[in-house]
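Observations on chain architecture
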Amino acid sequence: MKEIIELFTSDTSWTTTQKVVAISMIMMFFGTLFWFLKHYWDDLFRYFVTRRKHFYKNIHPALANKKDYQDLLKNYISSRWQDQNPDLYEQLTTNHQFAVASRNLIDDFLTFFEDEEAPKRNLILGGTGMGKSTFMLKLYLKYYMKYFKKYKIHLIQVQLCKDSPHLEQLIKEISDQQNAILLIDGMDEDPESIKYSTNLEGKNFKNRLRKIVEWSNAFHFLIITARTQLFPDESSSLPYFQIQTSLKKEPVKLNRHYISPFTKNDVQEYISKGFNYFPFLKNYKQNKIRQRKAKDMTEKFNDIFHRPLIISYLDRLIEENHLFEVDLYESIIERWIFEREYKRSNQEDSSEKFLAQLLKFSHLTAVKIYNNRHKHNKLEEQNSISYEELNEV
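Summarised in this report is the structure supplied together with it. Here the structure is a predicted model, which means the values were calculated and not measured.

Section: the packing of aromatic side chains
According to the stated counting rule, one finds eight aromatic pairs in the structure shown. Between the aromatic rings of Phe-113 and Tyr-143, the centroid separation amounts to 5.2 Å while the plane-to-plane angle is 85 degrees, which identifies the pairing as edge-to-face. With Phe-113 in the loop between helix H5 (105-112) and strand S4 (121-126) and Tyr-143 in helix H6 (residues 132-144), this residue pair connects regions lying 30 residues apart in the sequence. Residue classification places Phe-113 among the buried residues on the basis of a relative accessible area of 0%. Classification of Tyr-143 as buried rests on a relative accessible area of 0%. Ring geometry for Phe-113 versus Phe-221: centroids 4.9 Å apart, planes at 80 degrees, classification edge-to-face. Highlighted residues: Phe-113 in the loop between H5 and S4 and Phe-221 in strand S7 (residues 221-227), separated in sequence by 108 residues. Stacked on the ring of Tyr-144, the Lys or Arg Lys-149 has its end atom at 6.0 Å from the ring centre.

Take a look at the structure:
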(Lines give C-alpha, C1' and ligand atoms only; values in the text may rest on other atoms or scores of the structure.)
Protein backbone atom coordinates (compact mmCIF):
# COMPACT_ATOMS: atom_id res chain seq x y z
CA MET A 1 0.00 0.00 0.00
CA LYS A 2 2.92 2.32 0.80
CA GLU A 3 4.35 1.78 -2.70
CA ILE A 4 0.98 2.58 -4.30
CA ILE A 5 0.71 5.88 -2.41
CA GLU A 6 4.32 6.81 -3.31
CA LEU A 7 3.56 6.06 -6.97
CA PHE A 8 0.82 8.67 -7.03
CA THR A 9 2.51 11.28 -4.85
CA SER A 10 5.85 11.17 -6.70
CA ASP A 11 4.27 12.45 -9.91
CA THR A 12 5.06 16.20 -9.93
CA SER A 13 2.33 16.92 -12.50
CA TRP A 14 -0.33 16.15 -9.92
CA THR A 15 -1.75 19.01 -7.90
CA THR A 16 -2.02 18.77 -4.12
CA THR A 17 -5.79 18.38 -4.38
CA GLN A 18 -5.43 15.49 -6.84
CA LYS A 19 -2.95 13.76 -4.57
CA VAL A 20 -5.27 14.10 -1.56
CA VAL A 21 -8.20 12.71 -3.57
CA ALA A 22 -6.10 9.78 -4.83
CA ILE A 23 -4.84 8.91 -1.36
CA SER A 24 -8.38 9.19 0.05
CA MET A 25 -9.71 6.83 -2.62
CA ILE A 26 -6.92 4.32 -1.92
CA MET A 27 -7.59 4.47 1.81
CA MET A 28 -11.33 4.08 1.19
CA PHE A 29 -10.71 1.05 -1.07
CA PHE A 30 -8.55 -0.76 1.49
CA GLY A 31 -10.88 0.24 4.33
CA THR A 32 -13.84 -1.25 2.44
CA LEU A 33 -11.83 -4.39 1.66
CA PHE A 34 -10.88 -4.79 5.34
CA TRP A 35 -14.51 -4.30 6.45
CA PHE A 36 -15.73 -6.82 3.88
CA LEU A 37 -13.21 -9.49 4.91
CA LYS A 38 -13.91 -8.91 8.60
CA HIS A 39 -17.67 -9.34 8.20
CA TYR A 40 -17.90 -11.90 5.40
CA TRP A 41 -14.73 -14.04 5.54
CA ASP A 42 -16.42 -16.75 7.64
CA ASP A 43 -19.44 -16.71 5.31
CA LEU A 44 -17.26 -17.11 2.20
CA PHE A 45 -15.17 -19.81 3.87
CA ARG A 46 -18.29 -21.69 4.97
CA TYR A 47 -19.95 -21.30 1.56
CA PHE A 48 -17.11 -22.79 -0.48
CA VAL A 49 -16.24 -25.56 1.98
CA THR A 50 -19.82 -26.78 2.47
CA ARG A 51 -20.32 -26.91 -1.31
CA ARG A 52 -17.68 -29.63 -1.60
CA LYS A 53 -19.19 -33.11 -1.81
CA HIS A 54 -16.23 -34.60 0.04
CA PHE A 55 -17.15 -32.47 3.08
CA TYR A 56 -20.21 -34.67 3.73
CA LYS A 57 -18.40 -37.99 3.28
CA ASN A 58 -17.93 -38.50 7.04
CA ILE A 59 -21.28 -37.09 8.21
CA HIS A 60 -23.58 -40.01 8.99
CA PRO A 61 -26.28 -39.63 7.84
CA ALA A 62 -26.12 -36.25 6.10
CA LEU A 63 -29.08 -33.94 5.55
CA ALA A 64 -30.62 -34.21 2.09
CA ASN A 65 -30.58 -30.44 1.62
CA LYS A 66 -26.95 -29.36 2.01
CA LYS A 67 -28.00 -25.70 2.26
CA ASP A 68 -29.31 -26.51 5.76
CA TYR A 69 -25.70 -26.87 6.93
CA GLN A 70 -24.87 -23.39 5.66
CA ASP A 71 -27.91 -22.01 7.47
CA LEU A 72 -26.86 -23.76 10.71
CA LEU A 73 -23.43 -22.13 10.60
CA LYS A 74 -24.68 -18.68 9.63
CA ASN A 75 -23.72 -15.95 12.12
CA TYR A 76 -21.99 -18.55 14.30
CA ILE A 77 -20.73 -17.24 17.66
CA SER A 78 -17.94 -19.23 19.30
CA SER A 79 -19.28 -21.70 21.85
CA ARG A 80 -17.79 -21.58 25.32
CA TRP A 81 -17.82 -24.17 28.09
CA GLN A 82 -17.84 -24.18 31.87
CA ASP A 83 -17.63 -26.83 34.57
CA GLN A 84 -20.90 -25.92 36.32
CA ASN A 85 -24.40 -26.52 35.03
CA PRO A 86 -25.93 -23.14 34.02
CA ASP A 87 -29.44 -24.62 34.34
CA LEU A 88 -29.01 -24.60 38.12
CA TYR A 89 -29.72 -20.86 38.03
CA GLU A 90 -33.22 -19.52 37.51
CA GLN A 91 -31.95 -16.92 35.01
CA LEU A 92 -29.15 -17.70 32.57
CA THR A 93 -27.77 -14.19 33.09
CA THR A 94 -27.05 -15.15 36.72
CA ASN A 95 -24.78 -17.94 35.48
CA HIS A 96 -21.98 -15.58 34.41
CA GLN A 97 -21.58 -14.33 37.97
CA PHE A 98 -20.85 -17.80 39.37
CA ALA A 99 -19.37 -19.93 36.55
CA VAL A 100 -15.97 -21.24 37.63
CA ALA A 101 -14.57 -21.55 34.10
CA SER A 102 -15.53 -20.32 30.67
CA ARG A 103 -13.28 -21.27 27.78
CA ASN A 104 -13.52 -21.52 24.00
CA LEU A 105 -14.96 -24.97 23.32
CA ILE A 106 -13.70 -25.45 19.76
CA ASP A 107 -10.18 -24.17 20.43
CA ASP A 108 -9.86 -26.48 23.44
CA PHE A 109 -11.00 -29.59 21.59
CA LEU A 110 -8.85 -28.90 18.55
CA THR A 111 -5.96 -29.02 21.03
CA PHE A 112 -7.31 -32.04 22.93
CA PHE A 113 -7.63 -34.12 19.75
CA GLU A 114 -3.87 -34.36 19.31
CA ASP A 115 -2.84 -34.08 22.96
CA GLU A 116 -2.02 -37.55 24.24
CA GLU A 117 -2.58 -36.46 27.87
CA ALA A 118 -6.08 -35.07 27.28
CA PRO A 119 -9.17 -37.11 28.34
CA LYS A 120 -10.37 -39.14 25.34
CA ARG A 121 -14.02 -39.56 26.36
CA ASN A 122 -16.10 -36.40 26.70
CA LEU A 123 -19.68 -35.23 27.20
CA ILE A 124 -21.00 -31.87 25.99
CA LEU A 125 -24.15 -31.00 27.92
CA GLY A 126 -26.59 -28.17 27.43
CA GLY A 127 -30.25 -27.29 27.63
CA THR A 128 -32.63 -26.97 24.72
CA GLY A 129 -31.41 -24.54 22.07
CA MET A 130 -27.94 -24.02 23.55
CA GLY A 131 -26.18 -24.72 20.25
CA LYS A 132 -24.91 -28.29 20.77
CA SER A 133 -25.55 -29.44 17.18
CA THR A 134 -24.15 -26.26 15.65
CA PHE A 135 -21.03 -26.58 17.80
CA MET A 136 -20.48 -30.19 16.66
CA LEU A 137 -20.88 -29.22 13.01
CA LYS A 138 -18.48 -26.29 13.42
CA LEU A 139 -15.95 -28.50 15.23
CA TYR A 140 -16.20 -31.07 12.44
CA LEU A 141 -15.68 -28.31 9.86
CA LYS A 142 -12.69 -26.80 11.67
CA TYR A 143 -10.84 -30.09 12.06
CA TYR A 144 -11.80 -31.28 8.58
CA MET A 145 -10.17 -28.14 7.10
CA LYS A 146 -6.85 -28.60 8.91
CA TYR A 147 -4.03 -29.27 6.42
CA PHE A 148 -1.95 -31.33 8.80
CA LYS A 149 -3.94 -33.62 11.08
CA LYS A 150 -3.28 -37.03 12.60
CA TYR A 151 -6.81 -38.39 12.54
CA LYS A 152 -9.94 -38.58 10.44
CA ILE A 153 -13.10 -37.12 11.93
CA HIS A 154 -16.65 -38.50 11.74
CA LEU A 155 -19.94 -36.91 12.79
CA ILE A 156 -23.02 -39.02 13.57
CA GLN A 157 -26.30 -37.10 13.78
CA VAL A 158 -28.58 -39.23 15.96
CA GLN A 159 -31.60 -37.16 15.00
CA LEU A 160 -31.34 -38.45 11.42
CA CYS A 161 -30.90 -42.12 12.31
CA LYS A 162 -33.75 -44.31 11.07
CA ASP A 163 -34.06 -46.16 14.38
CA SER A 164 -32.03 -47.24 17.41
CA PRO A 165 -30.20 -50.14 15.67
CA HIS A 166 -29.13 -47.70 12.94
CA LEU A 167 -26.90 -45.86 15.43
CA GLU A 168 -25.01 -49.02 16.30
CA GLN A 169 -24.65 -49.86 12.61
CA LEU A 170 -23.24 -46.44 11.76
CA ILE A 171 -20.65 -46.62 14.54
CA LYS A 172 -19.47 -50.11 13.61
CA GLU A 173 -19.26 -49.35 9.88
CA ILE A 174 -16.56 -46.70 10.38
CA SER A 175 -13.17 -48.11 9.41
CA ASP A 176 -9.74 -47.55 11.00
CA GLN A 177 -11.33 -46.48 14.29
CA GLN A 178 -8.00 -46.28 16.16
CA ASN A 179 -7.09 -43.33 13.95
CA ALA A 180 -10.47 -41.63 14.00
CA ILE A 181 -12.34 -39.04 16.07
CA LEU A 182 -16.04 -39.74 16.60
CA LEU A 183 -18.60 -37.02 17.29
CA ILE A 184 -22.06 -38.30 18.30
CA ASP A 185 -24.53 -35.45 18.29
CA GLY A 186 -27.87 -35.59 20.11
CA MET A 187 -27.98 -38.65 22.33
CA ASP A 188 -31.25 -37.24 23.67
CA GLU A 189 -32.73 -37.80 20.19
CA ASP A 190 -32.12 -41.56 20.47
CA PRO A 191 -35.42 -43.39 21.23
CA GLU A 192 -33.70 -45.94 23.45
CA SER A 193 -32.04 -43.22 25.54
CA ILE A 194 -35.25 -41.35 26.32
CA LYS A 195 -37.55 -44.36 26.51
CA TYR A 196 -39.87 -44.03 29.48
CA SER A 197 -38.89 -46.16 32.44
CA THR A 198 -40.34 -46.87 35.84
CA ASN A 199 -36.77 -46.74 37.16
CA LEU A 200 -36.30 -43.25 38.63
CA GLU A 201 -32.52 -43.44 38.26
CA GLY A 202 -32.67 -43.48 34.47
CA LYS A 203 -31.83 -47.14 33.91
CA ASN A 204 -32.63 -47.06 30.18
CA PHE A 205 -30.44 -44.03 29.64
CA LYS A 206 -27.49 -45.54 31.51
CA ASN A 207 -27.74 -48.83 29.65
CA ARG A 208 -27.85 -47.03 26.32
CA LEU A 209 -24.87 -44.84 27.19
CA ARG A 210 -22.92 -47.92 28.28
CA LYS A 211 -23.59 -49.58 24.91
CA ILE A 212 -22.57 -46.49 22.94
CA VAL A 213 -19.32 -46.23 24.91
CA GLU A 214 -18.61 -49.91 24.27
CA TRP A 215 -19.32 -49.65 20.54
CA SER A 216 -17.00 -46.61 20.37
CA ASN A 217 -14.23 -48.13 22.45
CA ALA A 218 -11.70 -48.38 19.59
CA PHE A 219 -11.92 -44.72 18.56
CA HIS A 220 -9.04 -42.43 19.42
CA PHE A 221 -11.40 -39.72 20.69
CA LEU A 222 -15.13 -39.59 21.49
CA ILE A 223 -17.50 -36.68 22.09
CA ILE A 224 -21.20 -37.13 22.86
CA THR A 225 -23.69 -34.27 23.14
CA ALA A 226 -26.96 -34.48 25.06
CA ARG A 227 -29.44 -32.32 26.88
CA THR A 228 -28.49 -31.81 30.50
CA GLN A 229 -31.86 -33.13 31.70
CA LEU A 230 -30.94 -36.60 30.46
CA PHE A 231 -28.37 -37.06 33.22
CA PRO A 232 -29.80 -38.18 36.57
CA ASP A 233 -26.85 -36.84 38.58
CA GLU A 234 -26.43 -33.55 36.75
CA SER A 235 -25.87 -31.71 40.05
CA SER A 236 -22.84 -33.87 40.87
CA SER A 237 -19.73 -31.94 41.84
CA LEU A 238 -17.53 -34.41 39.93
CA PRO A 239 -16.09 -33.08 36.63
CA TYR A 240 -16.88 -36.39 34.95
CA PHE A 241 -19.68 -38.91 34.54
CA GLN A 242 -18.85 -42.55 35.29
CA ILE A 243 -20.33 -45.51 33.42
CA GLN A 244 -19.56 -49.16 34.06
CA THR A 245 -18.91 -51.21 30.92
CA SER A 246 -18.11 -54.85 30.17
CA LEU A 247 -14.75 -53.87 28.69
CA LYS A 248 -12.86 -53.29 31.92
CA LYS A 249 -13.28 -53.47 35.67
CA GLU A 250 -12.84 -49.76 36.24
CA PRO A 251 -15.72 -47.49 35.15
CA VAL A 252 -15.18 -45.31 32.10
CA LYS A 253 -14.96 -41.61 32.91
CA LEU A 254 -16.57 -39.18 30.51
CA ASN A 255 -15.39 -35.64 31.16
CA ARG A 256 -18.26 -33.20 31.45
CA HIS A 257 -18.42 -29.82 29.68
CA TYR A 258 -21.46 -27.56 29.99
CA ILE A 259 -22.13 -25.13 27.16
CA SER A 260 -22.17 -21.58 28.50
CA PRO A 261 -25.08 -19.24 27.73
CA PHE A 262 -24.38 -16.23 25.54
CA THR A 263 -22.89 -13.26 27.33
CA LYS A 264 -24.00 -9.71 26.60
CA ASN A 265 -20.97 -9.36 24.30
CA ASP A 266 -21.96 -12.54 22.44
CA VAL A 267 -25.45 -11.14 21.86
CA GLN A 268 -24.00 -7.89 20.51
CA GLU A 269 -21.61 -9.80 18.25
CA TYR A 270 -24.52 -11.81 16.86
CA ILE A 271 -26.46 -8.62 16.13
CA SER A 272 -23.42 -7.10 14.40
CA LYS A 273 -23.10 -10.17 12.18
CA GLY A 274 -26.77 -10.73 11.52
CA PHE A 275 -27.79 -7.09 11.01
CA ASN A 276 -24.63 -5.57 9.55
CA TYR A 277 -24.92 -2.61 7.22
CA PHE A 278 -22.55 -0.47 5.19
CA PRO A 279 -23.08 3.02 3.73
CA PHE A 280 -24.00 3.24 0.05
CA LEU A 281 -25.07 -0.40 -0.14
CA LYS A 282 -28.63 -1.49 -0.90
CA ASN A 283 -31.09 -1.33 2.04
CA TYR A 284 -28.52 0.54 4.14
CA LYS A 285 -31.09 2.60 6.08
CA GLN A 286 -33.46 -0.35 6.49
CA ASN A 287 -30.70 -2.60 7.88
CA LYS A 288 -29.52 0.15 10.22
CA ILE A 289 -33.03 0.49 11.64
CA ARG A 290 -33.33 -3.30 12.01
CA GLN A 291 -30.04 -3.43 13.92
CA ARG A 292 -31.28 -0.73 16.27
CA LYS A 293 -34.53 -2.66 16.83
CA ALA A 294 -32.55 -5.83 17.56
CA LYS A 295 -30.39 -4.05 20.14
CA ASP A 296 -33.43 -2.48 21.79
CA MET A 297 -35.26 -5.81 22.03
CA THR A 298 -32.30 -7.72 23.51
CA GLU A 299 -31.75 -4.96 26.06
CA LYS A 300 -35.44 -4.80 27.00
CA PHE A 301 -35.74 -8.60 27.40
CA ASN A 302 -32.22 -9.17 28.66
CA ASP A 303 -32.83 -12.56 30.31
CA ILE A 304 -34.32 -14.20 27.22
CA PHE A 305 -31.73 -13.89 24.45
CA HIS A 306 -28.94 -16.01 25.90
CA ARG A 307 -29.76 -19.20 24.00
CA PRO A 308 -28.50 -19.45 20.40
CA LEU A 309 -31.78 -20.99 19.23
CA ILE A 310 -33.85 -18.08 20.57
CA ILE A 311 -31.58 -15.37 19.23
CA SER A 312 -31.72 -17.03 15.79
CA TYR A 313 -35.38 -15.95 15.66
CA LEU A 314 -34.46 -12.32 16.33
CA ASP A 315 -34.70 -11.16 12.70
CA ARG A 316 -38.41 -12.05 12.70
CA LEU A 317 -39.21 -11.18 16.31
CA ILE A 318 -38.22 -7.54 15.79
CA GLU A 319 -41.01 -7.21 13.22
CA GLU A 320 -43.55 -8.12 15.90
CA ASN A 321 -44.75 -5.73 18.59
CA HIS A 322 -44.05 -7.41 21.94
CA LEU A 323 -44.71 -5.29 25.00
CA PHE A 324 -44.48 -8.04 27.61
CA GLU A 325 -42.28 -11.10 28.19
CA VAL A 326 -45.24 -13.48 28.09
CA ASP A 327 -46.11 -12.35 24.53
CA LEU A 328 -42.51 -12.78 23.40
CA TYR A 329 -42.27 -16.24 24.97
CA GLU A 330 -45.47 -17.32 23.20
CA SER A 331 -44.05 -16.28 19.83
CA ILE A 332 -40.72 -18.01 20.54
CA ILE A 333 -42.42 -21.26 21.59
CA GLU A 334 -44.57 -21.33 18.46
CA ARG A 335 -41.50 -20.86 16.25
CA TRP A 336 -39.61 -23.51 18.21
CA ILE A 337 -42.48 -25.98 17.74
CA PHE A 338 -43.07 -25.33 14.03
CA GLU A 339 -39.49 -24.76 12.85
CA ARG A 340 -37.66 -27.31 14.99
CA GLU A 341 -39.68 -29.95 16.85
CA TYR A 342 -42.38 -30.49 14.23
CA LYS A 343 -39.77 -31.12 11.54
CA ARG A 344 -37.92 -33.53 13.82
CA SER A 345 -41.04 -35.43 14.85
CA ASN A 346 -41.80 -36.79 11.35
CA GLN A 347 -45.47 -36.48 12.21
CA GLU A 348 -48.10 -37.23 9.57
CA ASP A 349 -50.49 -34.84 11.29
CA SER A 350 -50.62 -31.17 10.34
CA SER A 351 -48.43 -28.72 12.22
CA GLU A 352 -51.55 -27.14 13.76
CA LYS A 353 -52.71 -30.51 15.13
CA PHE A 354 -49.21 -31.24 16.39
CA LEU A 355 -49.21 -27.88 18.23
CA ALA A 356 -52.62 -28.60 19.77
CA GLN A 357 -51.49 -32.05 20.96
CA LEU A 358 -48.27 -30.66 22.41
CA LEU A 359 -50.11 -27.87 24.25
CA LYS A 360 -52.58 -30.40 25.67
CA PHE A 361 -49.71 -32.65 26.79
CA SER A 362 -47.94 -29.67 28.42
CA HIS A 363 -51.13 -28.68 30.25
CA LEU A 364 -51.72 -32.22 31.57
CA THR A 365 -48.07 -32.48 32.65
CA ALA A 366 -48.30 -29.16 34.55
CA VAL A 367 -51.49 -30.32 36.30
CA LYS A 368 -49.80 -33.61 37.21
CA ILE A 369 -46.81 -31.80 38.74
CA TYR A 370 -49.10 -29.49 40.72
CA ASN A 371 -51.30 -32.29 42.06
CA ASN A 372 -48.31 -34.40 43.13
CA ARG A 373 -46.34 -31.60 44.78
CA HIS A 374 -47.36 -32.72 48.31
CA LYS A 375 -45.63 -36.09 47.76
CA HIS A 376 -42.17 -34.46 47.72
CA ASN A 377 -40.23 -32.55 50.35
CA LYS A 378 -37.56 -30.86 48.24
CA LEU A 379 -38.50 -27.84 46.13
CA GLU A 380 -36.75 -29.18 43.00
CA GLU A 381 -38.70 -32.45 43.34
CA GLN A 382 -41.98 -30.55 43.72
CA ASN A 383 -41.31 -28.80 40.43
CA SER A 384 -40.36 -31.95 38.50
CA ILE A 385 -41.96 -35.13 37.23
CA SER A 386 -40.64 -38.69 37.20
CA TYR A 387 -40.51 -41.04 34.20
CA GLU A 388 -43.30 -43.09 35.77
CA GLU A 389 -45.56 -40.08 36.29
CA LEU A 390 -44.84 -38.75 32.80
CA ASN A 391 -45.71 -42.11 31.31
CA GLU A 392 -49.10 -41.90 33.02
CA VAL A 393 -49.77 -38.58 31.28
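Further notes follow.
What about helix H10 (residues 284-300)?
In this model, H10 (17 residues) spans 24 Å end to end at C-alpha, consistent with the 24 Å of a helix rising 1.5 Å per residue. Listing the buried residues of H10 in full gives Arg-290, Gln-291, Ala-294, Met-297 and Thr-298. Each buried residue of H10 sits inside an arc of 130 degrees when the element is viewed along its axis, so together they form one side. Its buried side turned inward, H10 meets helix H9 (264-274) and helix H12 (314-317).

Considerations on the packing of H5 against H6
It is the contact of H5 with H6, at a shortest axis distance of 10 Å, that shows an interaxial angle of 50 degrees. When the interaxial angle is binned, H5 and H6 end up oblique. Here H5 runs over H6; the crossing is right-handed. Between H5 and H6, the residues in contact are Leu-105, Ile-106, Phe-109 and Leu-110 and Phe-135, Lys-138, Leu-139, Lys-142 and Tyr-143, respectively. In terms of residue class, the contact of H5 with H6 is built from seven nonpolar, no polar and two charged.

A short note on the pattern of salt bridges
A full pass over the atoms with the stated rule returns 11 salt bridges. A salt bridge links Arg-103 to Asp-108, with the shortest nitrogen-to-oxygen separation between them at 2.8 Å. By relative accessible area, Arg-103 is classed as partly exposed at 42%. A salt bridge links Arg-335 to Glu-320; its shortest N-O distance comes to 2.4 Å. With a gap of 15 residues between them, Arg-335 in helix H13 (residues 325-345) and Glu-320 in the loop between H12 and H13 connect regions that are remote in the sequence.

Reading the values: rules and limits
Residues numbered from 1 in each chain as written. Predicted model: local features only at pLDDT ≥ 70, side-chain atom pairs only at ≥ 80, totals over all residues. Heavy atoms only, no water. Phe/Tyr/Trp six-rings, centres within 6.5 Å; stacked < 30°, edge-to-face > 60°. Helix = DSSP H or I, 4+ residues; strand = E, 2+ residues; numbered from the N terminus. Buried < 20%, exposed > 50% of the residue type's maximum accessible area, 1.4 Å probe, protein only. Lys NZ or Arg CZ within 6 Å of the ring centre and 35° of its normal. Expected span 1.5 Å × (residues − 1). Arc of directions from axis to C-beta. Contact = heavy atoms within 4.5 Å. Axes fitted to C-alpha atoms, helices over the stretch in contact; angles between N-to-C directions. Parallel < 35°, antiparallel > 145°, perpendicular 65-115°, else oblique. Left-handed = near helix turned anticlockwise from the far one by under 90°. Nonpolar A, V, L, I, M, F, W, Y, C, P; charged D, E, K, R; others polar. Salt bridge = Lys/Arg side-chain N within 4 Å of Asp/Glu carboxyl O.

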